[in-house]
Amino acid sequence: MSIKEQVLLSNDTAIKLLDVKRGSMFSGNALPNYCLPANVLLFVSRGYGELSIDGTNYTISPFFVCHAGRSAAIDFVSVGQPLEYIAIYYRAELMPPDRGEAAQYFDGQNLLQVQFGVSLAERLSLYQIVEQIEQKWSMRQGLEGFHANALLQGLLYELLKQLQNDGYQHPSEAVSTVMKYIDAHYNQQLRLNQLAELVHSSSRQLQRWFKQQKQIGPMEYVIKIRMKHAAQLLQHTAATIHEIAESIGYRNAFYFSRAFKKYYGFSPLYYRQAVVDDKKHGLVIKHVKGELYLRQSPKRMVVLDVQYADQLITLNERPVGSVGIGGSVTCFPKYLQDKLGQTEVLGTYEQPNIEAISLLQPDLIVCTETHEQHYEQLSRLAPTVMFQRNENWRLILGIFGMLTDKTEEANQILLEYREKADRLSTELANTLRGQRVALIRPRDASIRVHTAAHRTGAVLYEDLGLPAPFFVTEASDTAYHISLDVLPEVHADHYFLLSNDMFRDWTNTVQDSTEWRSLSAVKQQCVYTVDSSVWIGSYGPTGINRILDEVAHYLLYS
């Protein structure tokens, strides 16, 4: 029952005090779980510990107060320092005969089922009332018992009033309570307003607290916990997708599958087949050319796109050989050079050195559709898988996690990236307030204006939620190729300019032009030159996280 519903009942509620007990509890002799015989108000004057009411945990500190309804399961989970407390047991009933509108909330003969555990404002004055109730109850002669009942009714009024007006005084307590509730009830149908009622706050207030404390919203946390349990069930059980969906709170397997793919980058069925079945039957990898079966994890991998070297480095693995950046550049990106250590450079992305690959005697070669002409030759050297170069990096990370027997590590990397992107997205939204951001790349005597369909554009416009220019918002292709004279029509407030040595002359020409100098973003110094080898060429978790860091640097801190 919510505070709002309880307030409706207040004028028709009769309070009867049943008992008042003072007690203490020491570490090691905490009471076992039991059901309350009546409503209870518990005031702790000193000590520390942890209390559970119907599976929801509360942290106990001096002047902690909690309330639970009759039949609630209560358990002192732990006692860190000796606790001293006063427990007030009472009954709340609707007064007959006119129950009116309040009757819809009537619960047998017992009301005030609202549950809370908080450190409230004015706690010292409230505790003095508690002590007065104890004193009057101990006398129980003449009007003293009546006075104790009247004091209890006034105390309940003060508590409900403070909860209604102020909610929790410490947001960290509220967030902790909601998180623990979600952890215990993630498989139920949870709503934001329901979670807010748990800590007697508004949905908006709880959302703000969560963002401040955990950098994600409460419902995002629900999804995080559900996806974690779904992955475990897919790995360790033979349950159907429908059964797993229901067990974690989804009524529809389709919506669960869609949520799972959005979160991890691949479907539950693929996750189970590619990540779980390999533990029993070897490794089965789906790729452009079909399926590849490996009896065991490869130890000597060669990768023909530096993004795959990035994937392995993120998992603390290293390929024996990798191509360089591309074009005429045969070295690794600067940010990967130290991490790749003794990895041999195998030419460039466009022109891999087949002879050097052969000498390495790899047990797996990973390439892209660009290497179609070399595929048969590569397959004769070692088992070879081919992926689309623009394949979702999350999916590829999952596959490399499977290949290296580091699926859990890959999942953790994905979770950390999602949380980081969500935090940054909130900060950017508050700072930019609708200002639009363009991603452009001068190349081949034209200018590419990248869209959300491009893999780096997806980081900006989908992961970070940056507003794209109207010029590209409905594009299905990865980029528009425009001439220099059309550039002013992009109308962005901020530009990320992708640059490298190969197209340095053309980039300089663009920046020296009248069209460029006419841009408002140029005049406002809102153009940020970034390395295309990171933003375009090295499409792996390390590179993607560097993009987030650079976006934060330029749009928030520069």
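Q: Lay out the side chain of T348 in plain terms, naming residues and giving numbers.
A: Within the secondary structure, T348 sits in the loop between strand 12 (344-345) and helix 14 (354-360). Given the relative accessible area of 5%, T348 is considered buried. A distance of 3.1 Å separates the side chain of T348 from the backbone nitrogen of Q351, its partner in a polar contact.

Q: Got a sec to walk through the nonpolar core? Specific residues and values, please.
A: F256, F400, L403, L466, W535 and V551 are the most contacted members of the largest nonpolar core, which totals 114 residues. At nine residues, the largest contribution of residues to this core is made by helix 17 (residues 407-432). If near-sequence neighbours (up to four positions away) are discounted, W535 is found in contact with L439, T456, L460, F496, L498, V530, I547, E550 and V551. Formed by 23 residues, the second largest nonpolar core is a distinct cluster that contains V130, L151, L155 and L159.

Q: Now, about the pairing of strand 9 (residues 290-294): what can you tell me, with residues and values included?
A: Pairing geometry for strand 8 (residues 283-287) and strand 9, over five bridges, is antiparallel. Opposite K286, over in strand 9, you have E291 as the bridge partner.

Q: Please provide a residue-by-residue account of the sheet that holds strand 15 (residues 437-443), values included.
A: Sheet architecture is open: five strands sit in the order 17-16-15-18-19, paired in mixed fashion. Bordering the open sheet on either side are strand 17 (479-482) and strand 19 (527-531), each of which pairs with just one other strand. Adjacent strand axes in the sheet meet at a mean angle of 30° when their direction is disregarded. Note: strand 15 against strand 16 (residues 446-450), four bridges, orientation antiparallel. Across the sheet, R443 pairs through a bridge with S446, a residue of strand 16.

Q: Report on the confidence of the model for the chain, specifying residues and quantitative values.
A: Looking at the chain as a whole, the pLDDT averages 83, with 87% of positions reaching at least 70. Highest mean pLDDT in the chain belongs to strand 10 (residues 301-303) (97); lowest belongs to helix 1 (residues 3-9) (51). For residues 99-111, every residue scores under 50 in pLDDT, and the model assigns this stretch 29 contacts once sequence neighbours within four places are set aside.

Q: Pulling in residues and values, what's your account of the environment of T59?
A: Mapped onto the fold, T59 is located in strand 4 (residues 56-60). The class of T59 is exposed, set by a relative accessible area of 52%. Taking the C-alpha atoms as reference, T59 lies 8.8 Å from T177; in sequence the two are 118 residues apart. In this structure, T59 is in contact with G49, F64 and K180, ignoring residues within four places of it in sequence.

Q: Mind laying out the pairing of strand 16, listing which residues take part and the relevant values?
A: Most of strand 16 is tucked away: four of the five residues are buried. Once strand 15 ends, the chain turns through two residues before running back antiparallel as strand 16, passing D444 with a positive phi of about 55°. As judged from the four bridges shared by strand 16 and strand 17, these two strands associate in the antiparallel manner. Directly across from V449, in strand 17, lies its bridge partner Y480.

Thresholds, definitions, all that
- Here the residue numbers are simple positions, counted from 1 along each chain's written sequence.
- Only residues with pLDDT of 70 or above have their local features reported here, since the model is predicted, and side-chain atom pairs are shown and tallied only from 80 upward, although totals for entire chains, interfaces and linings are computed over all residues.
- Side-chain numbers here rest on the full set of heavy atoms in the structure, without hydrogens or water.
- The helix count covers DSSP runs of H or I at least four residues long, the strand count covers runs of E at least two residues long, and both are numbered beginning at the N terminus.
- A simple rule labels every residue: compare its accessible area, found with a 1.4 Å probe on the protein chains alone, to the largest value its type can have, and call it buried under 20%, exposed over 50%, or partly exposed in between.
- Any pair of N or O atoms that falls within 3.5 Å is considered a polar contact. Within protein, one atom must be able to donate a hydrogen and the other to accept it, and sequence-neighbouring residues count only if both atoms are side-chain atoms.
- Buried Ala, Val, Leu, Ile, Met, Phe, Trp, Tyr and Cys residues that are joined via side-chain atoms within 4.5 Å together make up what is termed a nonpolar core.
- In this analysis, two residues are considered to be in contact whenever any of their non-hydrogen atoms come within 4.5 Å of each other.
- Two strands make a pair as long as DSSP finds a minimum of two bridges between them.
- Simply put, an axis is a line fit to the C-alpha atoms, just over the touching stretch for a helix, and the angle between two N-to-C directions goes from 0 to 180 degrees.
- Per residue, pLDDT measures the predictor's confidence, with a range of 0 to 100.

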